[in-house]
Amino acid sequence: MRDRLPRGGSGQLILWMPLGFILASGAILAIVLMLARAEATQSGERLTEVFAQLTEDQTTRTIQAVDQTLQLARTQVAWPDGIVTSARADILLSTFRTYLVDRPFLRSIFVLDAQGRVVAASDEDAVGRDLSDRAYFRHNREHPEDHFKIHAPIVSRQNGMVVIPGTRRWYRANGDLAGIVAASIDTSKIQRLWTTDDAALGGNVSLFQRDGTLLM
C-alpha cells in the first residue's frame, strides 16, 4: 500500500508557511529596530557629550574673561590712597563702559569701598548706593583668602534682572582692604551659549559652584 498523507496535511502546511514567514519577518524587524535604537542612543550620547564639552569650554572661557576684566578694572583703581574721587569716578565711568562694548556677557562693572558703597560704576546712576547688605560684599569682608569669586545669582535692584556677581578684592598700598571691584554677569547672554536648534539635544544644562550652589 502507498503511504498517504493525513487528511488535511497539505492544507495545514500551506497555512503554516505564511504564518512562519510573518513570525520570522517580525523577529527580524524587531532585531533591526533594536539595533537601530541602540545606534541612535549611542549617537545621541556622543552628540550630548560633544555639546556638553563645548558648553563647558564656552562657559569656562566666559568666566575667565570676567576675571580678566576685574583684574583689568582693578588696575584702574590702584591709587595708593584707595580713594575714588568724583574726578576719578568720571574716568572710571568712561573706562568701564569701554570694557562693556567688547564684553556683551557683562551688564555692569562697579567699585565698592570698604563700607559697601558704590564709588564708581559703568552706570553713573549706581554711584552712591549702599550695597553693604549684599552677600557678595559680606563674603569678601569675611573671606580675605578668596580672590576671584563667582557668587550666587541676585536680582538687580536697578533693573530687576537676574545677574551673577563676580568680584575681586581691592587693596590700598598699605595692604588694607579698600573695597571690591565687581561685575554683573548677564545670565541671558550665558544661556544663549547653551542654546541649540537641534531637537535631539532636548534637556537641561545647569551651572553649579563647587559647593553645589546652583548658579543657572
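All figures in this text were calculated on a predicted structure; none of them were measured in a lab.

## A word on the overall build of the protein chain
Along the protein chain, the regular secondary structure elements total four helices and six strands. Along the protein chain, helices and strands appear, N-terminal first, in the series α-α-β-β-α-β-β-β-β-α. Counting all 216 residues of the protein chain, 35% fall into the buried class. Across the protein chain, every contact between residues at least 6 apart in sequence was considered, and the portion connecting residues at least 24 apart equals 53%. Carbon and sulfur atoms make up 56% of the accessible area of the protein chain, which amounts to about 14,000 Å² in all.

## Describing the packing of aromatic side chains
Each aromatic ring pair is described using two quantities: the centre-to-centre distance and the angle formed by the ring planes. Per the stated rule, a full pass over the model turns up two aromatic pairs. With 6.1 Å between their ring centres and 40° between their planes, phenylalanine 96 and tyrosine 99 make a pair best called tilted. Here phenylalanine 96 pairs with tyrosine 99, and both are found in helix H2 (residues 86-101), just three residues apart, close to one helical turn. Assigned by exposure class, phenylalanine 96 and tyrosine 99 land together as buried. Geometrically, the ring pair formed by phenylalanine 110 and tyrosine 136 is edge-to-face, given 6.4 Å between the ring centres and 65° between the ring planes. Highlighted residues: phenylalanine 110 in strand E1 (residues 106-113) and tyrosine 136 in helix H3 (residues 135-142), separated in sequence by 26 residues.

## Digging into the confidence of the model for the protein chain
Residues of the protein chain with pLDDT of at least 70 account for 64%, and the chain-wide mean is 78. Here helix H1 (residues 9-76) stands out as the least confident element of the protein chain, with mean pLDDT 68; strand E2 (residues 118-121) is the most confident, with 95.

## Some thoughts on the side chain of aspartate 67
Relative to the helices and strands, aspartate 67 resides in helix H1. Note on aspartate 67: relative accessible area 15%, which makes it buried. Leaving out residues up to four positions away in the same chain, aspartate 67 has contacts with Phe148 and Arg168.

## So, H2
Spacing of three or four residues puts side chains on the same side of an α-helix, whose turn is 3.6 residues. The terminal C-alpha atoms of H2 lie 23 Å apart, and with 16 residues this matches the ideal 22 Å at 1.5 Å per residue to within 8%. Within H2, burial applies to Ala89, Leu92, Leu93, Thr95, Phe96, Tyr99 and Leu100.

## Quick look at the environment of arginine 138
Mapped onto the elements of the fold, arginine 138 is located in helix H3. Considering only alpha carbons, one finds arginine 138 and glycine 116, 22 residues apart in sequence, at a separation of 8.7 Å. The contacts of arginine 138, once residues within four sequence positions are left out, are Ser132 and Asp133.

## Description of the pattern of salt bridges
Note that side chains of opposite charge can pair when their charged atoms are close. Enumeration according to the criterion identifies five salt bridges in this entry. Where arginine 168 meets aspartate 67, a salt bridge forms, and the shortest distance between an N and an O atom there is 2.6 Å. Taken as a pair, arginine 168 in strand E5 (residues 162-171) and aspartate 67 in helix H1 lie far apart in primary sequence, 101 residues in all. No difference in accessibility class separates arginine 168 from aspartate 67, as the two residues are buried. The salt bridge partner of arginine 107 is aspartate 186, with a shortest N-O separation of 3.3 Å. A residue pair is termed long-range when its members are at least 10 positions apart, and arginine 107 in strand E1 and aspartate 186 in strand E6 (residues 177-186) qualify at 79 residues.

## Digging into the side chain of histidine 151
Looking at the element boundaries, histidine 151 is found in the loop between strand E3 (149-150) and strand E4 (154-155). Accessibility expressed as a relative area gives 6% for histidine 151, which makes it buried. Separated by 2.7 Å, the side chains of histidine 151 and threonine 167 make a polar contact.

## Re the environment of glycine 82
Residue position: glycine 82 is located in the loop between H1 and H2. For the pair glycine 82 and alanine 178, spaced 96 residues apart in sequence, the C-alpha to C-alpha distance is 5.7 Å.

Rules behind the numbers
Residues numbered from 1 in each chain as written. Predicted model: local features only at pLDDT ≥ 70, side-chain atom pairs only at ≥ 80, totals over all residues. Heavy atoms only, no water. Helix = DSSP H or I, 4+ residues; strand = E, 2+ residues; numbered from the N terminus. Buried < 20%, exposed > 50% of the residue type's maximum accessible area, 1.4 Å probe, protein only. Contact = heavy atoms within 4.5 Å. Areas by Shrake-Rupley, 256 points an atom, 1.4 Å probe, with all protein chains shown as cover. Phe/Tyr/Trp six-rings, centres within 6.5 Å; stacked < 30°, edge-to-face > 60°. pLDDT = per-residue confidence, 0-100. Expected span 1.5 Å × (residues − 1). Salt bridge = Lys/Arg side-chain N within 4 Å of Asp/Glu carboxyl O. Polar contact = N/O pair within 3.5 Å; in protein donor to acceptor, adjacent residues only side chain to side chain.

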